[in-house]
Amino acid sequence: MRNTSDLTKLTAIFFVAKSAQYSLLLLSPSSPFDTSTQLLLSQLAPNSSSSSRLYNKLLSWDAAFFIKNMLHAPSPPQYEHEYAFSPLWSGLVSQLVSRLSPDPPPHNLHRLLLSALLLQLALHYFSVILLYFLTLQTFKQNILKFHRPHDLALKTAILFIFSSAAGFLTSIYSEPLSFALAFLGIYARQLSISYDLYANLNCHWPRLPVYTLLSTACFSLASLNRSNCILLGLYYLFDSFNLARSK
């Protein structure tokens, strides 16, 4: 019952927060300092003058490179520096649109943008829920005997909704995909280990495939999406060291 109540609160807070963020976006100036978006739109969507204001606000800065990669997927990026803008995320959105839309590539810009926005919103929401259960799993049986894990999990998830990365979580950036993959991989790891009263690491061997296969797949895809996620590999080094120390 407590989980259901908390998830209801998180869902309501998530949609209120997103509504507020997009309202601020719509009220923001329609002539941004960065003009690269307008130059790109003049090439990709020359007849979209009625929607150009909204496009400018959603496709500012790096988002312009993401939408360009999405429009060209599954072909590789045109220029070398465009590989930095996650061909994995761009290809995922492009494939989603290809399966849901009867139009062949190149895709309609508005449909592609809307699909990317909906997908990143779904991934952010999924990450919030994952973080709630990850926090709950981490602290419900920890050696510090934290007696209110549900409160901690709820507050952690709420803070993540209002993350300082909000600017990257309202457009079509690749961060939400890495959040979801990283949290899922860490959750798989948490399900497979525990600590005793002496802080020794215990590995639940029947759940070893969950740790070795699921977490590895999630961390690998997260790293392909954003290269800094390679630091998630530190979990394996940490666990290997603790397992060796406890023998």
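Reading the values: rules and limits
Residues numbered from 1 in each chain as written. Predicted model: local features only at pLDDT ≥ 70, side-chain atom pairs only at ≥ 80, totals over all residues. Heavy atoms only, no water. Helix = DSSP H or I, 4+ residues; strand = E, 2+ residues; numbered from the N terminus. Buried < 20%, exposed > 50% of the residue type's maximum accessible area, 1.4 Å probe, protein only. Contact = heavy atoms within 4.5 Å. Core = buried A, V, L, I, M, F, W, Y, C linked by side-chain atoms within 4.5 Å. Salt bridge = Lys/Arg side-chain N within 4 Å of Asp/Glu carboxyl O. Polar contact = N/O pair within 3.5 Å; in protein donor to acceptor, adjacent residues only side chain to side chain. Axes fitted to C-alpha atoms, helices over the stretch in contact; angles between N-to-C directions. Parallel < 35°, antiparallel > 145°, perpendicular 65-115°, else oblique. Left-handed = near helix turned anticlockwise from the far one by under 90°. Nonpolar A, V, L, I, M, F, W, Y, C, P; charged D, E, K, R; others polar. pLDDT = per-residue confidence, 0-100.

**Re the overall build of the chain**
Line of reasoning, step 1. Regarding its fold elements, the chain presents 10 helices and 2 strands.
Line of reasoning, step 2. Sequence-ordered secondary structure for the chain, helices as α and strands as β, is α-α-α-α-α-α-α-α-β-β-α-α.
Line of reasoning, step 3. Within the chain, buried positions represent 43% of all 247 residues.
Line of reasoning, step 4. Contacts spanning at least 24 positions in sequence make up 67% of the contacts within the chain whose residues lie at least 6 apart.

**What to know about unusual backbone geometry**
Line of reasoning, step 1. Of note in the backbone geometry, serine 86 takes a positive phi value of approximately 40 degrees without being a glycine.
Line of reasoning, step 2. Examined against the element boundaries, serine 86 turns out to sit in the loop between helix 4 (63-72) and helix 5 (87-100).
Line of reasoning, step 3. Assessed through its relative accessible area of 2%, serine 86 is described here as buried.

**Here's the deal with the environment of leucine 130**
Line of reasoning, step 1. Following the sequence through the fold, leucine 130 ends up in helix 6 (residues 109-139).
Line of reasoning, step 2. Relative accessible area serves as the criterion here: at 9%, leucine 130 is assigned to the buried category.
Line of reasoning, step 3. Between the alpha carbons of leucine 130 and alanine 157 there is a distance of 8.7 Å; along the sequence they are 27 residues apart.
Line of reasoning, step 4. Not counting chain neighbours up to four residues away, the residues in contact with leucine 130 comprise Ala180, Phe183, Leu184 and Tyr187.

**A few points about the nonpolar core**
Line of reasoning, step 1. Residues Leu10, Ile67, Met70, Trp89, Val93 and Ile172 are the most contacted members of the largest nonpolar core, which totals 50 residues.
Line of reasoning, step 2. Broken down by secondary-structure element, the contributors of at least two residues to this core are helix 1 (2-27), helix 2 (36-44), helix 4, helix 5, helix 6, helix 7 (149-161), helix 8 (175-192) and helix 9 (208-225).
Line of reasoning, step 3. With 14 residues, helix 6 is the largest single contributor of residues to this core.
Line of reasoning, step 4. If near-sequence neighbours (up to four positions away) are discounted, methionine 70 is found in contact with Trp89, Ser90, Val93, Ser94, Leu112, Ala116 and Ile172.

**Observations concerning the pattern of salt bridges**
Oppositely charged side chains can pair when the atoms bearing their charge come close.
Line of reasoning, step 1. Following the criterion strictly, the structure yields 4 salt bridges and no others.
Line of reasoning, step 2. A salt bridge links arginine 2 to aspartate 6, with the shortest nitrogen-to-oxygen separation between them at 3.1 Å. One end of the pair is arginine 2 and the other is aspartate 6, both in helix 1 and 4 residues apart, which spans about a single turn.
Line of reasoning, step 3. A salt bridge links arginine 226 to glutamate 175, with the shortest nitrogen-to-oxygen separation between them at 3.3 Å. Taken together, the residues arginine 226 in the loop between helix 9 and helix 10 (234-246) and glutamate 175 in helix 8 connect sequence positions 51 residues apart.
Line of reasoning, step 4. Among the charged side chains, a salt-bridge network with shared partners connects Arg2, Asp6 and Asp151.

**Here's the deal with the side chain of serine 86**
Line of reasoning, step 1. Within the structure, serine 86 has its side chain in polar contact with the backbone nitrogen of tryptophan 89 (distance 3.0 Å).
Line of reasoning, step 2. In this structure the side chain of serine 86 is engaged in a polar contact, spanning 2.5 Å, whose partner is the side chain of asparagine 225.
Line of reasoning, step 3. Once you skip the residues sitting within four places of it in the chain, serine 86 turns out to touch Phe66, Ser174 and Asn225.

**Concerning the packing of helix 5 against helix 6**
Line of reasoning, step 1. Two elements in contact, helix 5 and helix 6, have axes separated by 10 Å at closest approach and are oriented at 115 degrees. Taken as axis vectors, helix 5 and helix 6 run roughly perpendicular relative to one another. In this structure, helix 5 meets helix 6 at a crossing whose hand is right-handed. Residue-level contacts link Trp89, Leu92, Val93, Ser94, Leu96 and Val97 of helix 5 to Arg111, Leu112, Ser115, Ala116, Leu119, Gln120 and Leu123 of helix 6.
Line of reasoning, step 2. Considering only residue class, the contact of helix 5 with helix 6 consists of 9 nonpolar, 3 polar and 1 charged.

**Regarding the confidence of the model for the chain**
Line of reasoning, step 1. The predicted model of the chain averages 82 in pLDDT, with 83% of residues at 70 or higher.
Line of reasoning, step 2. Across the chain, element-level confidence peaks in helix 8 with a mean pLDDT of 93 and bottoms out in helix 3 (residues 52-58) with 67.

**Digging into the packing of helix 4 against helix 5**
Line of reasoning, step 1. Interaxial distance between helix 4 and helix 5 falls to 8 Å at its minimum, and their mutual angle equals 55 degrees. Judged on the interaxial angle alone, helix 5 and helix 4 are oblique. With respect to the hand of their crossing, helix 4 and helix 5 are arranged in right-handed fashion. Together, Phe66, Asn69 and Met70 of helix 4 and Trp89, Ser90, Val93 and Ser94 of helix 5 make up the contact between the two elements.
Line of reasoning, step 2. Split into classes, the residues belonging to the contact of helix 4 with helix 5 amount to 4 nonpolar, 3 polar and no charged.

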